[in-house]
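# Architecture at a glance
Single-letter residue listing:
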Amino acid sequence: MGQKKDLTGSEKSKIVRYLAEGCSSLKIAKLLKRDHRTIKRFIQNSQQGRKTRVEKPRRKITAHELRKVKRAAAKMPLATSLAIFQSCNITGVPKSTRCAILRDMAKVRKAERRPPLNKTHKLKRQDWAKKYLKTDFSKVLWTDETRVSLDGPDGWARGWIGKGQRAPVRLRRHQGGGGVLVWAGIIKDELVGPFRVEDGVKLNSQSYCQFLEDTFKQWYRKKSASFKKNMIFMQDNAPSHASKYSTAWLARKGIKEEKLMTWPPCSPDLNPIENLWSIIKCEIYKEGKQYTSLNSVWEAVVAAARNVDGEQIKTLTGSMDGRLLSVLAKKGGYIGRRFVFVLFLNVRNVYL
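Since the structure is predicted, the reported quantities are computational estimates derived from the model, not experimental observations. (Residues numbered from 1 in each chain as written. Predicted model: local features only at pLDDT ≥ 70, side-chain atom pairs only at ≥ 80, totals over all residues. Heavy atoms only, no water.)

### Things to note about the overall build of the protein
Rules: Strands are runs of DSSP state E lasting at least 2 residues, helices are runs of H or I lasting at least 4, and numbering of each runs from the N terminus. Relative accessibility thresholds used throughout: buried, under 20% of the residue-type maximum; exposed, over 50%; partly exposed, between the two (1.4 Å probe, protein chains only). Only heavy atoms matter for contacts: two residues are in contact if any of them lie within 4.5 Å across the pair. To measure how exposed things are, a 1.4 Å probe is used in the Shrake-Rupley method; for residues, cover is taken only from the protein chains shown.
Each helix and strand counted, the protein has 17 helices and 4 strands in total. Relative to its full complement of 352 residues, the protein shows a buried share of 36%. Pairs at least 24 residues apart make up 75% of the contacts formed inside the protein by residues separated by at least 6 positions. For the protein, the accessible area works out to roughly 23600 Å², and carbon and sulfur atoms hold 52% of it.

Written out as structure tokens, the structure reads:
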């Protein structure tokens, strides 16, 4: 015999009303055409009050122990609360108390993902900043590729949900679903692209140059002779970009020597187009949006790129002087999240 359905909300309301009218549980079961035991169980559960929670005495933390915890949290980034307290030889503290104490002196954060910088990298970043300190960056074409997936970053699928509401269901793929490789460039207040790399094509030197032949060259050909004379082409040090084959191909197009910007290693923070990719991805993956096909996510990228106006791009390209000064001030170190955050606020204010 199959399990019967639970009482609906309207049935529960009727039971309460019938009880107020003085009806017995047997009569209510007949009126609702439900099993008598189901009605009795509902009435019994409703009449039972909540159990009073017994507060257990908590272990008191001394001021000396608090100082030890603070020092341990500084020395052990990304450690759990249990590991921090155990390193201080503090036992018998429940997890809720440990977390409450740590919230006053620390925050739960993810580790930052970025290429490591050694001493040679920092020196090359400083040399690059000094070399281009007096450059007119409105003449530089900043280029890069990025891959957009069907699901977006995992952490972006989180957000506030009202009480009583259920979280939306996200698609779960067994084989990932793949993604689309996108190339674009920005110069002054103009967006070049975005252009889609053909699915299944691995960008080596030959395919990269052929891709530029089919996309970038069409845009470059329409520009005036004075524009071509002054433009500086920027690309990072990916193997397909920095190879002899690609360098020779660009030289045949007139992009060589001072017209081809040298790029320091491990420096995505210096390329303003990385911030453009963040703007586009925030738009296409907002509210945890997912896509069912590669064509649909590509259409979303194109639509988001159209919404990026010239003032936003000008804010990104105009930030280069500040980036170079930050690199020199940090002696070749990363310019930091604060600079990028302030830049993002400026772009957003322009957009709003």
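Here the narrative resumes, following the displayed structure.
### Here we look at the side chain of glutamine 235
Our working definition: In protein, a polar contact requires one atom able to donate a hydrogen and another able to accept it; more generally it is a pair of N or O atoms within 3.5 Å, and residues adjacent in sequence count only if both atoms are side-chain atoms.
Position of glutamine 235 among the secondary structure elements: in the loop between strand S4 (232–234) and helix H11 (239–242). A distance of 2.6 Å separates polar atoms of two side chains, one belonging to glutamine 235 and the other to tyrosine 208. One polar contact links the side chain of glutamine 235 to the main-chain carbonyl oxygen of histidine 241, over a distance of 3.1 Å. Setting aside residues no more than four positions away along its own chain, glutamine 235 makes contact with Thr143, Tyr208, His241, Leu250, Leu260 and Trp263.

### Section: the pairing of strand S1 (residues 140–149)
The condition that has to hold: By this definition, two strands are paired if DSSP reports at least two bridges between them.
In terms of burial, S1 is largely enclosed, as 8 of its 10 residues are buried. In this sheet, S4 lies alongside S1 in parallel orientation, the contact comprising 3 bridges. Following the sheet pairing, valine 140 is matched in S4 by isoleucine 232. Judged from the 8 bridges that link them, S1 and strand S2 (residues 179–187) form a sheet pairing that is antiparallel. Across the sheet, the residue bridging to serine 149 is glycine 179, located in S2.

### A word on helix H7 (residues 119–131)
Rules: To estimate the expected span of a helix, count its residues, drop one, and scale the result by 1.5 Å. In this context, the arc is that of the directions from the helix axis out to the C-beta atoms.
Between its first and last C-alpha atoms H7 spans 19 Å; for 13 residues at 1.5 Å apiece the expected length is 18 Å, and the two agree. Those residues of H7 that sit buried are His121, Arg125, Gln126, Trp128 and Ala129. Summarising the axial view, the buried residues of H7 lie within an arc of 160°, below the 170-degree limit, and thus occupy one face. In H7, those exposed residues whose orientation departs by more than 90 degrees from the buried face are Lys119 and Lys130. Where H7 is buried, its residues contact helix H16 (320–329). Capping the start of H7, asparagine 118 holds a side-chain oxygen 3.1 Å from the backbone nitrogen of threonine 120, two or three residues further along.

### Thoughts on the packing of aromatic side chains
For clarity, the cut-off: Stacked, edge-to-face and tilted are the three classes for Phe, Tyr and Trp ring pairs, Trp counted by its six-membered ring, which pair at centre distances within 6.5 Å; planes under 30 degrees apart are stacked, over 60 edge-to-face, the rest tilted. Cation placement over rings: the criterion is NZ of Lys or CZ of Arg within 6 Å of the ring centroid and within 35° of the ring normal.
Scanning the model with the defined rule gives 12 aromatic pairs in all. Ring geometry for tryptophan 183 and phenylalanine 216: centres 6.4 Å apart, planes at 70°, overall edge-to-face. Residue tryptophan 183 is located in strand S2, and its partner phenylalanine 216 is located in helix H9 (residues 216–221); the two are separated by 33 residues in the primary sequence. Accessibility assignment for this pair places tryptophan 183 and phenylalanine 216 in one class, buried. An angle of 40° between the planes, with centres 5.9 Å apart, marks the rings of phenylalanine 216 and tryptophan 219 as tilted. Of this pair, phenylalanine 216 and tryptophan 219 are both found in helix H9, 3 residues apart, which corresponds to roughly one turn of the helix. Ring pairing ties together the aromatic residues Trp183, Phe195, Phe211, Phe216, Trp219, Tyr220, Phe227 and Phe233, which thus form one cluster. Against the face of phenylalanine 227 rests lysine 223, its NZ or CZ located 5.3 Å from the ring centre. The ring centre of tyrosine 220 lies 5.4 Å from the NZ or CZ of lysine 228, which sits over that ring.

### Here we look at the side chain of glutamate 65
If you trace the backbone, glutamate 65 turns up in helix H4 (residues 63–75). Within the structure, the side chain of glutamate 65 is placed 3.1 Å from the backbone nitrogen of threonine 62, a separation counted as a polar contact.

### With respect to the packing of H7 against H16
Packed helices, taken two at a time, are described by the angle between their axes plus the distance between the axes. Here is the rule: All axes here are fitted lines through C-alpha atoms, helices being fitted over the stretch that makes contact, and every angle between N-to-C directions spans 0 to 180 degrees. Working rule for angles: under 35 degrees goes down as roughly parallel, over 145 as roughly antiparallel, 65 to 115 as roughly perpendicular, anything else as oblique. Helix crossings are classified by the rotation of the near helix relative to the far one: an anticlockwise turn of less than a right angle makes the crossing left-handed, while a clockwise turn makes it right-handed. Side-chain classes follow a simple rule in which Ala, Val, Leu, Ile, Met, Phe, Trp, Tyr, Cys and Pro form the nonpolar group, Asp, Glu, Lys and Arg form the charged group, and the remainder, Gly included, forms the polar group.
Following both chains from N to C, one finds H7 and H16 inclined at 135°, their axes separated by 9 Å at the closest point. It follows from the interaxial angle that H7 and H16 lie oblique. Read as a crossing pair, H7 and H16 show a hand that is left-handed. Residues Arg125, Gln126, Trp128, Ala129 and Lys130 of H7 form the contact with H16, whose participating residues are Met320, Leu324, Val327 and Leu328. The residue inventory of the contact of H7 with H16, partitioned by class, reads 6 nonpolar, 1 polar and 2 charged.

### Quick word on the sheet that holds S1
By definition, the strands of a sheet pair up through backbone hydrogen bonds, in either a parallel or an antiparallel sense. The strand order across the open sheet built from 4 strands is S3-S2-S1-S4, with neighbouring strands paired in mixed fashion. A single partner strand is all that each edge strand has here, and the edge strands are strand S3 (190–196) and S4. Between one strand axis and the next, the sheet turns by 20° as a mean value, whatever way the strands run. Together, S1, S2 and S3 form the strand contacts of helix H15 (residues 310–317), whose direction differs from that of S2 by roughly 80°.

### Some thoughts on the pairing of S3
Relative to S3, S2 runs antiparallel, the two sharing 5 bridges. Its bridge partner being in S3, glycine 185 is matched across the sheet by valine 192. If you look at the hairpin formed by S2 and S3, you'll find 2 residues sitting between the two strands, and lysine 188 has a positive phi there, around 55°.

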